[in-house]
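# A closer look at the structure
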Amino acid sequence: MNKKFSKILGVAIVLCMIMGLSACGQDLKTPKGATEAFLKDLQKGDVVVWQEKLSGRKLSDDEKKQLKKTFEKSPQEQFNRMKDFEFKIVDSEEVKKNKEAEVTVEFETYDFIKVTERMNEYFSKNMKELKAMKEDELSKAIDKKMKEEYKKADKRVKNKADIVLNYDKKKGEWKVVDPNNNFEFQDALMGGYLTQQAQQLKDTHKNTN
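Quick notes on the rules
- Residues numbered from 1 in each chain as written.
- Predicted model: local features only at pLDDT ≥ 70, side-chain atom pairs only at ≥ 80, totals over all residues.
- Heavy atoms only, no water.
- Helix = DSSP H or I, 4+ residues; strand = E, 2+ residues; numbered from the N terminus.
- Buried < 20%, exposed > 50% of the residue type's maximum accessible area, 1.4 Å probe, protein only.
- Contact = heavy atoms within 4.5 Å.
- Phe/Tyr/Trp six-rings, centres within 6.5 Å; stacked < 30°, edge-to-face > 60°.
- pLDDT = per-residue confidence, 0-100.
- Expected span 1.5 Å × (residues − 1).
- Pairing = 2+ DSSP bridges.
- Axes fitted to C-alpha atoms, helices over the stretch in contact; angles between N-to-C directions.
- Salt bridge = Lys/Arg side-chain N within 4 Å of Asp/Glu carboxyl O.
- Polar contact = N/O pair within 3.5 Å; in protein donor to acceptor, adjacent residues only side chain to side chain.

### Brief notes about the overall build of the chain
- Summing up its helical and strand segments, the chain has ten helices and four strands in all.
- Ordered by position in the sequence, the α and β elements of the chain form the string α-α-α-α-α-β-β-α-α-α-β-β-α-α.
- Burial statistics for the chain: of 209 residues in total, 43% are counted as buried.
- A sequence separation of at least 24 residues applies to 69% of the contacts in the chain between residues at least 6 apart.

Here it is as C-alpha cells:
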C-alpha cells in the first residue's frame, strides 16, 4: 500500500478510535442510559473532545490547532462513515452494585473490510498517478473514491461488544470507562476490520517463520 495513503488513512482510523465523549443533558443515572448517551454523542463527535477525554486533560490552543490541522488533511469520508453507525442495547448488568456495570451492545456498520480491499485495489491500479499528487489532492482523490465505494456498501455488518461503566458516587452518574482499551468495542465499530487485520498479521508472521 502507498505509504502516503497509509499515513492519511491511518490518521483517520486512529482518530476515530478515540472514544471518550461527554454526554451532557442525557440520562446517566443507569448503565443503559449512560451507554446510550455515550454512543449518541459518539455519532456526532468532536475530534478535540475525543482527544481530551482520551488523555484526561485539556489540550492547549496550539495542540487543538495542530490536531484539527492534521485531521482536516485526512480523508473525511472515513470519519463520516465511522460515526454513521446504528446500535441496539441488548443487555445491561451491574457487575458490582453501584460500582461497576457491563452493557452489551449490537452495532450495525458498513463493510469496512470490503471498502478497504477495494481501496487497495484502486491504489494498486493508480499508483503512478496518485504518487504524483500533492497531499491535499491525494486526500480529495481518496475521499471521492471512498464515497463511491461506501455508496455500494450498505450498513449490514453486525457485531456485539461489551462496554464497561463505573459509577461516580459524588455525581450519582454512570460513566463509560474502557472504550480506548476495548478491542471488541473498537472492532465492532469497524465492522470486524481490526480482527481481520490482526489475523492477517498473524498469518504473515506464521508464513515468514
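### Remarks on the packing of aromatic side chains
- Throughout the structure, instances matching the rule amount to eight aromatic pairs.
- On the numbers, 5.8 Å between centres and 65 degrees between planes, the contact of Phe-85 with Phe-107 is edge-to-face. Placement of the pair is Phe-85 in the loop between helix H5 (76–82) and strand E1 (86–96) and Phe-107 in strand E2 (residues 100–109), with a sequence separation of 22 residues.
- Its relative accessible area of 2% is what places Phe-85 among the buried residues.
- A residue is classified by how much of its surface remains accessible, and Phe-107, at 0% relative accessible area, is buried.

### A look at the confidence of the model for the chain
- Mean pLDDT for the chain: 83, with 83% of residues reaching 70 or above.
- Mean pLDDT in the chain bottoms out at helix H1 (residues 3–16), which sits at 50, and peaks at E2, which reaches 97.
- Contacts from residues 15–25, a stretch scored under 50 in pLDDT, to residues over four places away or in other chains number 42 contacts.

### A look at helix H8 (residues 135–152)
- Along its 18 residues, H8 runs 26 Å from first to last C-alpha, staying within 8% of the 26 Å computed at 1.5 Å per residue.
- What H8 keeps buried is the set Leu-138, Ser-139, Ala-141, Ile-142, Asp-143, Lys-145, Met-146, Glu-149 and Tyr-150.

### As for the sheet that holds E1
- Here four strands make up an open sheet; going across it, the order is E1-E2-E3-E4 and the pairing antiparallel. Edge positions in the open sheet fall to E1 and strand E4 (173–176), since each of these has one partner strand only. Averaged over all pairs of adjacent strands, the angle between strand axes in this sheet comes to 30 degrees, irrespective of strand direction.
- Taken together, the nine bridges between E1 and E2 define a ladder with antiparallel strand orientation. Note on E2: the bridge partner recorded for Ser-92 is Val-103.
- Contacting E1, E2, strand E3 (157–168) and E4, helix H2 (residues 31–43) runs over the sheet at an angle of about 140 degrees to E1.

### Some details on the pattern of salt bridges
- As enumerated under the stated definition, the model contains nine salt bridges in all.
- Ionic pairing is found between Arg-156 and Asp-111, a salt bridge with its closest N-O pair at 4.0 Å. Taken as a pair, Arg-156 in the loop between H8 and E3 and Asp-111 in the loop between E2 and helix H6 (112–125) lie far apart in primary sequence, 45 residues in all.
- Residue classification places Asp-111 among the buried positions, given a relative accessible area of 13%.
- Taken together, the shared-partner salt bridges in this structure form one network comprising Arg-118, Lys-145, Glu-148, Glu-149 and Lys-152.

### Considerations on the environment of Asn-182
- Inspection of the secondary structure assignment puts Asn-182 in the loop between E4 and helix H9 (183–189).
- Sequence-wise, Asn-182 and Ile-163 are 19 residues apart; in three dimensions their C-alpha atoms are separated by 7.8 Å.
- Among all residues touching Asn-182, those that are not within four sequence positions of it are Asp-162 and Ile-163.
- For Asn-182, the side chain forms a polar contact with the main-chain oxygen of Asp-162, separated by 2.7 Å.

### Observations concerning unusual backbone geometry
- With a phi close to 55 degrees, Asn-98 is a non-glycine residue in the positive phi region.
- Topologically, Asn-98 is positioned in the loop between E1 and E2.

### Section: the side chain of Arg-81
- Along the chain, Arg-81 falls in helix H5.
- One polar contact links Arg-81 to Glu-77, side chain to side chain, over a distance of 2.6 Å.
- Apart from residues lying up to four places away in sequence, Arg-81 is in contact with Tyr-110, Phe-112 and Tyr-150.

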